[in-house]
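# Descriptive analysis of the structure
Chain residues, written in single-letter form:
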Amino acid sequence: MNELQLSKRLECVANYVKEGSKVADIGSDHAYLPSFLYHQGKITFAIAGEVNQGPYESAMNQVRKCRYEDVISVRRGDGLTVIENGEVDTITIAGMGGALIAQILESGKSKLSGMTRLILQPNVMADKVRIWLKNNDWELTAEEILEEDGKVYEVLVAEQGNPDAPYSESEAVELLLGPFLMKEKNAAFQKKWRSEIDSWKRIVAQFSEAKQTDEVKQKKQEFQTLIQDVEEVLST
């Protein structure tokens, strides 16, 4: 990867950045995403935020190599602390777990008032991100799921709006699977959730062999319900 070519998952993130945006890329690593976006003419300014020294130095080296120091500000800090109010209108966070992304957004809530778009790519637990967005008045407006190098990734896009808009009476399942993704049910979606179902069935089998306490019975029932709900989505 470099400023000319991104990985498939980061290219998907880049596709959702609006023309003329000012972007803060949190956990920017080598600053490839903001460098690519500026090279493509999509953004006018970017912050590349990194909490760890090694990735911070890698980002600095990338920005210097491209001579983008005037338009990409590389900053070391935790989460959204690298942003000053009013500097950017879009936040990208890619390549982390969903729980960590939700934690970063929660800790940096004071920095979100002027944002128009969040583009988030959790590696796992995307439902944690959806739940945070819904509970904090961000409307999920688009989702993509894709496979790259044998791994499945989800990209979630949110804007300030009606947090209930994408959901129906099946909200619990939609938060888990993704309301847009479960309508399309592409190959990556099928692969991810069939694999999850296989894991859950193994857990149910273990519960069946365990001493049947009330707690074990309850957990077993929860997984059986989960399997039934997801299998129903995959089969329709």
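It is worth spelling out the packing of helix H1 (residues 8-15) against helix H2 (residues 32-39) at this point. Their axes nearest at 10 Å, the elements H1 and H2 cross at an angle of 50 degrees. As far as their axial angle goes, H2 and H1 are oblique. For the pair H1 and H2, the crossing hand works out as right-handed. Facing H1, whose interface residues are Leu 10, Val 13 and Ala 14, H2 presents Leu 33, Phe 36 and Leu 37.

On to the side chain of Lys 185, then. Checked against the element boundaries, Lys 185 lands in the loop between helix H7 (181-184) and helix H8 (187-209). Here Lys 185 is buried and forms no salt bridge, its nearest opposite-charge partner Glu 232 lying at an N-O distance of 9.8 Å. Among the polar contacts made by the side chain of Lys 185, one reaches the main-chain carbonyl oxygen of Val 233 at a distance of 3.1 Å. In this structure Lys 185 touches Gln 190, Val 233, Leu 234 and Thr 236, once residues within four positions along its chain are discounted.

This part is about the environment of Asp 25. Position of Asp 25 relative to the elements: it lies in strand S1 (residues 21-26). Remark: the alpha-carbon pair of Asp 25 and Arg 67, spanning 42 residues in sequence, is separated by 18 Å. Discounting chain neighbours no more than four positions away, the residues touching Asp 25 are Leu 33, Pro 34, Ile 47, Ala 48, Gly 49 and Thr 92. Here the side chain of Asp 25 touches Ser 28 through a polar contact of 2.7 Å, side chain to side chain.

Moving on: the pairing of strand S6 (residues 138-148). Residues in a regular strand project their side chains so that they alternate between the two faces of the sheet. Here S6 pairs with strand S7 (residues 151-160) via 10 bridges, running antiparallel. Across the sheet, the residue bridging to Ile 145 is Glu 154, located in S7. Hairpin connection between S6 and S7: a loop of two residues separates the two successive antiparallel strands, and Asp 149 in this loop has a positive phi of roughly 55 degrees.

Attention now moves to the layout of surface pockets. A volume near 460 Å³ is recorded for the largest pocket. Taken together, 19 residues make up the lining of the largest pocket; nearest its centre are Asn 123, Val 124, Met 125, Lys 192 and Glu 196. Counting residues per element, the ones that place at least two in the lining of the largest pocket are helix H5 (126-135), S7 and H8. Among the elements that take part in the lining of the largest pocket, H8 stands out by supplying seven residues, more than any other. The residue makeup of the lining of the largest pocket, split by class, is nine nonpolar, three polar and seven charged.

Judged by pairing direction, the sheet is mixed, and its seven strands sit side by side in the order S3-S2-S1-S4-S5-S7-S6 without closing on themselves. Each end of this open sheet is capped by a strand with a single partner; those strands are strand S3 (72-76) and S6. Strand-to-strand twist in this sheet, taken as the mean axis angle between neighbours without regard to direction, amounts to 15 degrees. The sheet contact formed by strand S4 (residues 90-96) and strand S5 (residues 117-122) spans six bridges and is parallel. When the sheet's bridge partners are listed, Ile 91 is paired in S5 with Leu 118.

With that out of the way, let us pick up the packing of helix H4 (residues 98-107) against H5. Packed helices, taken two at a time, are described by the angle between their axes plus the distance between the axes. Direction vectors running N to C along H4 and H5 enclose 25 degrees, while the axes themselves pass 6 Å from each other. Considering their axes alone, H4 and H5 lie roughly parallel with respect to each other. Pair H4 / H5 crosses with right-handed handedness. Along the contact surface, H4 presents Gly 98, Ala 99, Ile 101, Ala 102, Leu 105 and Glu 106, while H5 presents Lys 128, Val 129 and Trp 132.

Attention now goes to H2. Most of H2 is tucked away, with six of its eight residues classed as buried. Check the buried side of H2 and you find it contacts H1, S1, strand S2 (43-50), helix H3 (53-66), S3 and S4. One or two residues past the end of H2 sits Gly 41, with phi positive at roughly 80 degrees.

Judged by nonpolar contacts, the single largest core of 30 residues is most densely connected at Leu 6, Tyr 16, Ile 72, Ile 119 and Val 155. Once residues within four sequence positions are removed from consideration, Ile 119 is found in contact with Val 13, Tyr 16, Val 17, Thr 90, Ile 91, Thr 92, Ile 93, Val 155, Leu 156 and Val 157. Leu 118, Leu 133, Leu 140 and Ala 158 belong to the second-largest nonpolar core, a separate cluster that totals 29 residues.

Turning our eyes to something else, we now look at unusual backbone geometry. In this model, Arg 67 sits at a positive phi of 60 degrees, which is unusual for a non-glycine residue. Inspection of the secondary structure puts Arg 67 in the loop between H3 and S3.

Parameters and conventions
Residues numbered from 1 in each chain as written. Predicted model: local features only at pLDDT ≥ 70, side-chain atom pairs only at ≥ 80, totals over all residues. Heavy atoms only, no water. Axes fitted to C-alpha atoms, helices over the stretch in contact; angles between N-to-C directions. Helix = DSSP H or I, 4+ residues; strand = E, 2+ residues; numbered from the N terminus. Parallel < 35°, antiparallel > 145°, perpendicular 65-115°, else oblique. Left-handed = near helix turned anticlockwise from the far one by under 90°. Contact = heavy atoms within 4.5 Å. Buried < 20%, exposed > 50% of the residue type's maximum accessible area, 1.4 Å probe, protein only. Lys, Arg positive; Asp, Glu negative; His and termini not counted. Salt bridge = Lys/Arg side-chain N within 4 Å of Asp/Glu carboxyl O. Polar contact = N/O pair within 3.5 Å; in protein donor to acceptor, adjacent residues only side chain to side chain. Pairing = 2+ DSSP bridges. 1 Å grid on protein atoms, 1.4 Å probe; cavity = no way out; pocket = protein on both sides within 12 Å on 5 of 7 lines; lining within 4 Å. Points joined across faces, edges and corners; volume = space filled by probe spheres on them. Nonpolar A, V, L, I, M, F, W, Y, C, P; charged D, E, K, R; others polar. Core = buried A, V, L, I, M, F, W, Y, C linked by side-chain atoms within 4.5 Å.

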